[in-house]
Amino acid sequence: MSTTPPDTQPPPTPGPDSGPRVGWDDIRDLAGIRRTVGERRRVAGVAGGLARHLDIDPIIVRVAFVVLTFFGGAGLVLYIACWLLVPEEGSDWARVALDRRSRTVALVLVGSLVLVILLGHTWWGSGYPWGLLIVAGIVALIATTFPRRDRGAPPAESLTDPGAVPPASQTQTYAVPPTYVEQPRPVNPRKKGPILFWFALAVMAVALGVLGVVDLAGASVAPSAYPALVLALSGVFLLLGAFWGRAGGIILVGLLAAAATVGATIGDQWDPHREVVRPVNSAAVQSSYHLDAGNLVVDLSQVTDPQALDGRTVHVSGGVGHLDITVPTGVNVVTHASISGPGGINAFGQDSGGVDTTVDTVHRAGPQAPTLTIDADLHIGAIDLATGAN
Amino acid sequence: MNEQTTESGRHPVNIGHLVMGVAFLGLAVIWALIESGAASASDLRWMLPVPWVAAGAVGLVATAPRLRGSRD
């Protein structure tokens, strides 16, 4: 492994890139992971360090971090934990200073935590962390604005950096490091040609601008067309980069555009859908109403015999959208409202919002008034409860 | 290396970029079908896996000659 800890034997002199250089024992040596520094670093050097530890291309690890972030923020948790626990190359001490054994245990615990997060969340399941997704997007944006590393640079080993001064403990172990410096890394034949990333970004910007002008000119352009355009252009440039030039980084753009397209398309397609239920007597009031996506209006204010609602429970549920519930005046209402994902609840003037929001409230009309129970559940969106005249 | 870069940017196929490119284009096509009304939301059930299957298949086809070559 490139960052062999000081207390192990020096690695054999690597020959040309003739086979796997990292064995299972090396991979299990979690304490040997080092974050990259210098030009190879994009954000905190975590992905580069992990990629070097596993002897794979850093872009795979970077994409994995972004994808894992979609699942309960697992990627972000892992990244921050590694940033805190893993030392930079040339150092044995991380921001959270632990010895090798404690660091290994801590990293295993972090891995277990990430596994639990992954198992506990699904794509649109409860508690989808939009905030973390936005943070991941910002991190990806920052990462892509950092300068690309020099593909022709010497191998990614810390000891091979001509300017790097190895720490004293490593100097003793590696008596003759110059052999590494003398061996240039074989150029990856698939990393040949001009870097397409910035050109692709420029084309996307122009295309978005043109679409915006078309939109302003009065043509009917769906909001989701913007991220979809970026998604399609990402695909085109990746296909181009598969055969010509270097398309590194565009996968990240495509993933973010895909997520944005899904969100915007949901907005396009289902927001206009509106279902209104307005029963005129208690017999017509059902015990449950449900809508997968859109705006569900349950208006009980027209019920002519609200006394008959006494003791009844009405379940109103939805997936994504807006639940608008109106109850008759002169009725006590016991409300259990919850939104498992992001959203907001307004129950008789009591406002609450955020992620995984629950409101339990009792709206009192008077001691003699009938009591109605409303159970309202939603995954993402808004729930409004109000009193209407009957 | 600079000479190589300026001479030609053509290189052996990059499977990762090829696969993701096909997948993204497929997703964009699905979006276009949904937006244009040619497909409904219920069609997403069977349409969403299609780009990934296509991307995987293209990746496999592109990888096959390389695997055969490395066995020799």
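Structure report, in brief. Chains are numbered independently. Their residues run from 1 in the order of the written sequence. Chain labels run from A onward and ligand labels from 1 onward, assigned in the order the entries are written. Owing to the predicted nature of the model, reporting of local features is limited to residues with pLDDT of at least 70; listing and counting of side-chain atom pairs is limited to 80 or more, with chain, interface and lining totals taken over all residues. Processing note: side-chain calculations cover all non-hydrogen atoms of the structure and skip hydrogens and water entirely.

### Remarks on a nonpolar patch on the surface
- Patch membership is restricted to residues that have no salt bridge and whose relative accessible area is over 30%. Joining uses 9 Å for like charges and 5 Å for the nonpolar side chains Val, Leu, Ile, Met, Phe, Trp and Tyr. Method for areas: the Shrake-Rupley scheme with a 1.4 Å probe, in which residue coverage is limited to the protein chains shown. Each reported salt bridge corresponds to a side-chain nitrogen of Lys or Arg within 4 Å of a carboxyl oxygen of Asp or Glu. Together, L54, I56 and I60 of chain A make up an exposed nonpolar region whose accessible area comes to about 230 Å².
- Numbering of helices and strands starts at the N terminus; helices are DSSP runs of H or I of at least 4 residues and strands are runs of E of at least 2. Structurally, I60 of chain A can be placed in helix α3 (residues 58-69).

### Concerning the pattern of salt bridges
Residue and element names in this part refer to chain A.
- A full pass over the atoms with the stated rule returns five salt bridges over all chains.
- Between R34 and D92 there is a salt bridge, with its nearest N and O atoms 2.6 Å apart. Separated by 58 residues along the polypeptide, R34 in the loop between α1 (24-28) and α2 (46-54) and D92 in the loop between α4 (74-85) and α5 (100-120) bring together distant segments of the chain.
- The cut-offs for exposure are 20% and 50% of the maximum accessible area for each residue type, with area from a 1.4 Å probe on protein chains only; residues under the lower value are buried, those over the upper are exposed, and the others partly exposed. The class for R34 is buried, based on a relative accessible area of 3%.

### What about the side chain of R62 of chain A?
All names here are of chain A.
- Examined against the element boundaries, R62 turns out to sit in helix α3.
- One buried charge, R62, has no salt-bridge partner; the nearest side chain with opposite charge is D57, at 5.9 Å.
- Setting aside residues no more than four positions away along its own chain, R62 makes contact with R40, R42, A47, G48 and L252. Positive charge is attributed to Lys and Arg, negative charge to Asp and Glu, and no charge count is given to His or to the chain ends. By definition in these notes, contact holds between two residues if any of their heavy atoms fall within 4.5 Å.

### A look at the packing of α2 of chain A against α3 of chain A
Residues and elements named next belong to chain A.
- The contact between α2 and α3 brings their axes to 8 Å, and the two run at 125°. Classed by the angle they form, the pair α2 and α3 counts as oblique. Note that α2 runs across α3; the crossing there is right-handed. On α3, the residues touching V46, A47, G48, L50 and A51 of α2 are P58, V61, R62 and F65.
- The class makeup of the residues in the contact of α2 with α3 is seven nonpolar, one polar and one charged. To obtain each axis, a line is fitted to C-alpha atoms, and for helices this fit is confined to the stretch in contact; angles are then taken between N-to-C directions over 0 to 180 degrees. Working rule for angles: under 35 degrees goes down as roughly parallel, over 145 as roughly antiparallel, 65 to 115 as roughly perpendicular, anything else as oblique. A crossing counts as left-handed when the near helix is turned anticlockwise from the far one by less than a right angle, and as right-handed when that turn is clockwise. The residue classification treats Ala, Val, Leu, Ile, Met, Phe, Trp, Tyr, Cys and Pro as nonpolar and Asp, Glu, Lys and Arg as charged. All others, Gly included, are polar.

### Section: the interface of chain A and chain B
- The partner chain B presents 26 residues to the 34 residues of chain A that form the contact.
- Looking only at chain A, the three residues that lose the most surface to chain B are R190, K192 and F243 of chain A, adding up to 25% of its buried area.
- Linking chain A to chain B there are zero salt bridges.
- Any N or O atom pair separated by 3.5 Å or less is treated as a polar contact, with the protein-specific requirement of one donor-capable and one acceptor-capable atom, and with residues adjacent in sequence counted only for side-chain atom pairs. There are seven residue pairs in polar contact (both at pLDDT 80 or more) connecting chain A and chain B.
- Going through the elements one at a time, α10 (225-243) and α11 (250-270) of chain A are the ones with two or more residues in the side of chain A that touches chain B.
- It is α10 of chain A that provides the largest number of residues to the side of chain A that touches chain B, a total of 12 residues. Each of two parts loses accessible area, computed with a 1.4 Å probe, when they are put together; buried area is these two losses added.

### Focus: the side chain of R34 of chain A
- Of note is the side chain of R34 of chain A, whose polar atom sits 2.8 Å from the backbone oxygen of S91 of chain A.
- Polar contacts involving the side chain of R34 of chain A include one to the side chain of D92 of chain A, which spans 2.6 Å.

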